[in-house]
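So you can see what is in the structure, the chains are spelled out below.
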Amino acid sequence: LNAAAASDSSTALRDGLPIRFLEYMGAAHSNHIPDIIKRKADADESLDAEELRMHELQENFRNEAKSRIMRVAKEAMDLLDASCDQISKQFLSARQPPCLNEEETKLTSAGRDPAFKIMPNMLVRLARPGVARLVLEDSKAVLYHCLDNAKEYH
């Protein structure tokens with residue numbers, strides 16, 4: 001899934017990073033403030049204003065990063081079903097048609113009168129699992145199948 005797709009739908013994800021964030025983020029700063037807080041708490045000392053400011057900046061940065069990552073993850077999850085449907089369509093169009101046995105052929109339109117037509121209000125059953133997929137496209141249900149695929153194409 002493409003994270004850029006999520007970025008297109010939310011301007012907040014395209015915001016720049018905070019000015020001078022490198023002064024308080026990164027490996028050089030990751031353990032510094034918590035260690036100072038713990039050490040001073042053990043010694044019953046209070047933090048100075050600069051230490052508190054750095055800790056607050058780090059926490060705000062982490063919270064904002066987490067929020068943005070969660071938005072991208074939510075967008076990706078929303079795209080998951082549609083992406084799987086697209087992969088399935090590509091697979092069905094590229095695969096060879098199944099070789100149906102005699103019993104399965106009787107259940108298909110190939111085993112019926114040539115004038116037989118499937119109408120929109122008819123109930124149908126798949127001859128075999130994996131030969132068709134129902135996909136929602138532009139508010140329409142479309143059934144893709146591989147039964148009519150040419151054997152020469154492959």
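In what follows, the structure referred to is the one given above.
In this report, the structure presented in the accompanying data block is examined.

Cut-offs used in this document
- Residues numbered from 1 in each chain as written.
- Predicted model: local features only at pLDDT ≥ 70, side-chain atom pairs only at ≥ 80, totals over all residues.
- Heavy atoms only, no water.
- 1 Å grid on protein atoms, 1.4 Å probe; cavity = no way out; pocket = protein on both sides within 12 Å on 5 of 7 lines; lining within 4 Å.
- Points joined across faces, edges and corners; volume = space filled by probe spheres on them.
- Helix = DSSP H or I, 4+ residues; strand = E, 2+ residues; numbered from the N terminus.
- Nonpolar A, V, L, I, M, F, W, Y, C, P; charged D, E, K, R; others polar.
- Pairing = 2+ DSSP bridges.
- Patch = residues over 30% accessible without salt bridge, like charges linked within 9 Å, V, L, I, M, F, W, Y side chains within 5 Å.
- Areas by Shrake-Rupley, 256 points an atom, 1.4 Å probe, with all protein chains shown as cover.
- Salt bridge = Lys/Arg side-chain N within 4 Å of Asp/Glu carboxyl O.

Time to look at the layout of surface pockets. When its volume is computed, the largest pocket comes out at roughly 950 Å³. Surrounding the largest pocket, 27 residues form its lining, L107, T108, I118, V124 and R125 being those nearest its centre. Sort the elements by how many residues they give to the lining of the largest pocket and strand β2 (residues 140–145) lands first, with four residues. Here the lining of the largest pocket is built from residues that sort into 20 nonpolar, four polar and three charged.

Examined bridge by bridge, strand β1 (residues 132–137) and β2 share six bridges and lie antiparallel to one another. If you follow E137 over to β2, its bridge partner there is K140. Two successive antiparallel strands, β1 and β2, enclose a turn made up of two residues, where D138 displays a positive phi of approximately 50°.

To continue, consider a nonpolar patch on the surface. A cluster of nonpolar residues, F116, I118, M119, M122 and V124, forms a patch on the protein surface that exposes about 460 Å² of accessible area. By the element assignment, F116 lies in the loop between α5 (102–107) and β1.

Inspection of the entire model under this criterion finds six salt bridges. E64 serves as the salt-bridge partner of R68, at 2.9 Å between the closest nitrogen and oxygen. Residue R68 and its partner E64 are both found in helix α4 (residues 49–94); the two are separated by four residues, about one turn of the helix. One salt bridge connects D78 with K74, and the closest N-O pair in it is separated by 3.2 Å.

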